Amino acid sequence: MAACAGVGERVQCIAGAMRPVRGGDSAQSTVMAVYLIRPRNSLAVRAATLIGKGFTYPEREAQIKEVRALQSQDPLHNEILGWIREEPAEVLFHGAVTGSLIVEMAPEGAERLRQEVPGALVLADQPIGVIQPRPATASKSSVGTGDLWHLRAIGLEAARQQGFAGTGRDVRVLVLDTGIDATHPELQGKVEQALAFDPVTLREYPIQGYDSSGHGTHVTGFICGNTVGVAPEARIWNGLMLPQGRGTVANFALALEWAARQPAIQIINLSAGIHGYVDDLRDAVATLMNVGVLVVCASGNEGANQTRSPGNYVEVLSVGATTEQGRVASFSSSGTLVVNNHQYTVPDVVAPGAAVYSCVMGGGYAAWDGTSMATGIVSGVAALILERHPMIRVPDLLDTIAATCHDLQQVATRQGAGLVQVTAAL
Amino acid sequence: MNLSRVQQQKIDPLLRDALMHARPEDTLRVVMTLQPDEEQALEADMERELDPTQFHSREAYRSALIEQQKRRTLHEISQTIHELERLLTAVHGGEMSHTVVAEGSAQQVVSALTLTGVRRASLDRPLELVEPRPCR
């Protein structure tokens, strides 16, 4: 007999604790499976008319108490519980309010329960996958000014109306990403170099400009797209480092080493990372700063108190995302880190990154959510500043970008220095 | 494979796990951060900082920075790189930064971990794109 204790929490059935279970004299191991078991006709439905419907705290407390009492008196629920107690089964969870039980038992036992207690609903546990990100809304063949809120938010639209003519002319940005569709009308003639970093051979080789998944094209649109971009005359180097969105740390380290050797590159745009703080790439990233390259990196799309490396290195310009309403987007990653006795927060700055329109592979536009999008916008702003101040040192460039941000009146751990503005490029 | 305490302190949990279960001849790819030679690093720190305004273009400034960095890195870690090349099948990088990618058998990797110039080593691992989210 399985003796269970506790209600509404993980409980242990003593007799059913052994796994695998040996059945009868055969001494054969029985495979155990997990089942969700509850009365077929839910008590909540049956008791709906008996229980109050208010939403105040005392009313909700009273409702919960009422349902728990009804549940404990429910003959069907008690019949199921009694049946399970007689079985070599382990009750993993007993929902006192819902009346649901999560039970580990042999499939034969589950089948007998179905037959002997017809009122019991016995469902085999199923794997549940995450809902994969859906990067695009319905795409458009063209965008209007109403779609370009990101350019307004960073002050570029107003600056252009007042005669600002900065375009990031001849500033070179390496986009280490999934590739770039250089044939998109927004990007034609702007991709100066295209190469791939082979994760197997660890060698770089020239490629025809293409994108393996569309991410790099969307990001690049923000940097230099004709209408959606911040710095339309910036020159792009397409570094295919994440074919189909996957790469390796070794490949990344060597791509950074390669980039550090290229005198033409002034900015590197990165949208990749490993969850948590992993310092494998830190030295390579720090080297880029030493040789005059600004590394702009997405903080991640996991929300508060979660960051990624290299987006959480102190040596990069870490970027979070904002909404059109001027708030830090809920998905925008942020956190406080302590590395070598030095405490700092990420992101450093935020930029538009929720429902922002840019290029999609093969032509057209779509709005995506992500700190990668915000990163492209910040790279574009940095290109405008470098055009205006070509001899600026990287630490001074970082300070300048942070000093000219617009304070969103949110905590520094979420917004960093605030919303990036083009002010420093004017 | 058996690892000394010093070797264990230099490696990440993934590499530790891989080395514990690997046969000596199994090939591994690891990312290593090398420890610069202290004396050389001190000398490099005292090197004059380049002034960008002394160059005719940003590209020229960057070229000078690159050459300076190459010299610095060569001084700081070349000895360890030579030792790694002697011990391992392949060593990539290490020209500009203290990060190298090394390939070799598990036995070779364990030997490389005894070098004082190897500060840290991690098993190569997948790197993910920061995936865009559903746009609401």
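**Brief notes about the overall build of chain B**
Part 1 of the argument: When its secondary structure is counted, chain B shows five helices and five strands.
Part 2 of the argument: Shown N-terminal to C-terminal, the secondary structure of chain B runs as helices and strands in the order α-α-β-α-α-β-β-α-β-β.
Part 3 of the argument: What you see for chain B is a C-alpha radius of gyration of 19 Å, clearly larger than the 14 Å of a compact globule of 136 residues, by over 25%.
Part 4 of the argument: Its C-alpha atoms put chain B at 55 × 55 × 25 Å along the principal axes.
Part 5 of the argument: Across the 136 residues in chain B, those meeting the buried criterion constitute 51%.
Part 6 of the argument: In the structure as shown, chain B presents an accessible area of about 7100 Å², 48% of it carried by carbon and sulfur atoms.

**Concerning unusual backbone geometry**
Residues and elements named next belong to chain A.
Part 1 of the argument: Across the junction of Ser309 and Pro310, the peptide omega takes the value 10°, indicating a cis bond.
Part 2 of the argument: Residue position: Pro310 is located in the loop between strand E15 (308–309) and strand E16 (317–322).
Part 3 of the argument: Of note, the bond from Val346 into Pro347 is cis; its omega dihedral lies within 30 degrees of zero at 5°.
Part 4 of the argument: Relative to the helices and strands, Pro347 resides in the loop between strand E18 (342–346) and strand E19 (349–352).
Part 5 of the argument: Backbone geometry at Asn340 places phi at a positive 50°, although glycine is not the residue there.
Part 6 of the argument: Tracing the sequence through the fold places Asn340 in the loop between strand E17 (335–339) and E18.

**Some thoughts on the domain arrangement of chain B**
Residue and element names in this part refer to chain B.
Part 1 of the argument: Taken domain by domain, chain B holds domain 1 (1–25 + 105–125) and domain 2 (38–93).
Part 2 of the argument: The gap between the C-alpha centroids of domain 1 and domain 2 is 27 Å.
Part 3 of the argument: The interface is formed by eight residues belonging to domain 1 together with six residues belonging to domain 2.
Part 4 of the argument: Interface area for domain 1 against domain 2, summed over the two sides, is near 550 Å², with a carbon-plus-sulfur share of 72%.
Part 5 of the argument: Inspection of the region where domain 1 meets domain 2 yields zero salt bridges.
Part 6 of the argument: For the interface between domain 1 and domain 2, the tally reads two residue pairs in polar contact (both at pLDDT 80 or more).

**Focus on the nonpolar core**
Part 1 of the argument: By size, the foremost hydrophobic cluster in this structure holds 61 residues, and its most contacted members are Leu294(A) and Ile401(A).
Part 2 of the argument: The biggest single contributor to this core is helix H10 (residues 371–388) of chain A, with ten residues.
Part 3 of the argument: If you look at the next biggest cluster of nonpolar residues, it comprises 44 residues, including Trp258(A), Ala264(A), Tyr313(A) and Ile66(B).

**Considering a nonpolar patch on the surface**
All names here are of chain A.
Part 1 of the argument: Judged by side-chain polarity, Leu36, Phe93, Ile102 and Leu123 come together as a nonpolar surface patch covering roughly 290 Å² of accessible area.
Part 2 of the argument: Position of Leu36 among the secondary structure elements: in strand E3 (residues 33–39).
Part 3 of the argument: Taking the relative accessible area as the measure of exposure, Leu36 reaches 32% and is therefore partly exposed.

**Considerations on the pattern of salt bridges**
Part 1 of the argument: One pass over the full model with this rule turns up 20 salt bridges over all chains.
Part 2 of the argument: Across the salt bridge formed by Asp147(A) and Lys140(A), the nearest N and O atoms sit 2.8 Å from each other.
Part 3 of the argument: By relative accessible area, which is 29% here, Lys140(A) ends up partly exposed.
Part 4 of the argument: The closest approach of N and O atoms between Arg169(A) and Glu233(A), which form a salt bridge, is 2.9 Å. Of the two residues, Arg169(A) sits in the loop between helix H6 (156–161) and strand E7 (172–177) while Glu233(A) sits in the loop between helix H7 (215–224) and strand E10 (235–240), which places them 64 residues apart along the sequence.
Part 5 of the argument: Three or more residues joined by partner-sharing salt bridges are found here, namely Asp279(A), Asp280(A), Asp12(B), Arg120(B) and Arg125(B).

**Digging into a negative patch on the surface**
Residues and elements named next belong to chain B.
Part 1 of the argument: Residues Asp37, Glu38, Glu39 and Glu43 make up a contiguous surface patch of negative charge.
Part 2 of the argument: Along the chain, the position of Glu39 falls in helix H3 (residues 38–45).
Part 3 of the argument: The class for Glu39 is exposed, based on a relative accessible area of 60%.

**Focus: the interface of chain B and chain A**
Part 1 of the argument: Opposite the 43 residues of chain B that make contact, chain A presents 64 residues.
Part 2 of the argument: Summed over both sides, the interface between chain B and chain A buries roughly 4600 Å², with carbon and sulfur atoms accounting for 56% of that surface.
Part 3 of the argument: Three residues, Arg58(B), Leu127(B) and Val130(B), lead the burial of chain B against chain A; their summed loss comes to 19% of the area buried on that side.
Part 4 of the argument: Notably, a salt bridge pairs Arg393(A) with Glu49(B), separated by 3.4 Å at the nearest N-O pair.
Part 5 of the argument: Viewed at the interface, chain A and chain B are joined by 30 residue pairs in polar contact (both at pLDDT 80 or more).
Part 6 of the argument: When residues of the side of chain B that touches chain A are traced back to their parent elements, those giving at least two are strand E1 (27–34), helix H4 (58–87), strand E2 (90–93), strand E3 (99–105), strand E4 (118–123) and strand E5 (126–129) of chain B.
Part 7 of the argument: Within the side of chain B that touches chain A, the residues separate by chemical class into 16 nonpolar, eleven polar and 16 charged.

Calculation rules
Numbering of residues starts from 1 in every chain and runs along the sequence as written. Following the order in which they are written, the chains are lettered starting with A and the ligands numbered starting with 1. With pLDDT at 70 or above as the cut-off, local features in this predicted model cover only qualifying residues; side-chain atom pairs require 80 or more to be listed or tallied, and sums for whole chains, interfaces and linings still use all residues. Working from all heavy atoms in the structure, the side-chain values ignore hydrogens and water. Numbering goes from the N terminus for both helices and strands, where a helix is a DSSP run of H or I of at least four residues and a strand is a run of E of at least two. Atoms counted for the radius of gyration: C-alpha only. Globule rule: 2.2 Å times the number of residues to the power 0.38. Exposed residues in this analysis have more than 50% of their type's maximum accessible area, buried residues have under 20%, and partly exposed residues fall in between, with area computed by a 1.4 Å probe over protein chains only. Where accessible areas are quoted, they stem from the Shrake-Rupley method and a 1.4 Å probe; at the residue level, only the protein chains shown are allowed to cover. Those domain boundaries reflect an automatic or database domain assignment. Contacts are assigned to residue pairs that have any heavy atoms within 4.5 Å of one another. By convention, the term buried area covers the 1.4 Å-probe accessible surface removed from two parts as they join, with the contributions of both added. By convention in these notes, a salt bridge is any Lys or Arg side-chain nitrogen within 4 Å of a carboxyl oxygen on Asp or Glu. Any pair of nitrogen or oxygen atoms within 3.5 Å is treated as a polar contact; in protein, a donor-acceptor pairing is required on top of that, and neighbouring residues in sequence qualify only through side-chain atoms on both sides. Nonpolar cores are built from buried Ala, Val, Leu, Ile, Met, Phe, Trp, Tyr and Cys residues. Side-chain atoms within 4.5 Å join them into one set. Patch definition: residues with relative accessible area over 30% and no salt bridge; like charges joined within 9 Å; nonpolar side chains (Val, Leu, Ile, Met, Phe, Trp, Tyr) joined within 5 Å. Here the positive residues are Lys and Arg and the negative ones are Asp and Glu; neither His nor the chain ends is included. A charged residue contributes its charge at one atom only: NZ of Lys, CZ of Arg, CG of Asp or CD of Glu. Asp, Glu, Lys and Arg are counted as charged, while Ala, Val, Leu, Ile, Met, Phe, Trp, Tyr, Cys and Pro are counted as nonpolar; the rest, among them Gly, fall into the polar class.

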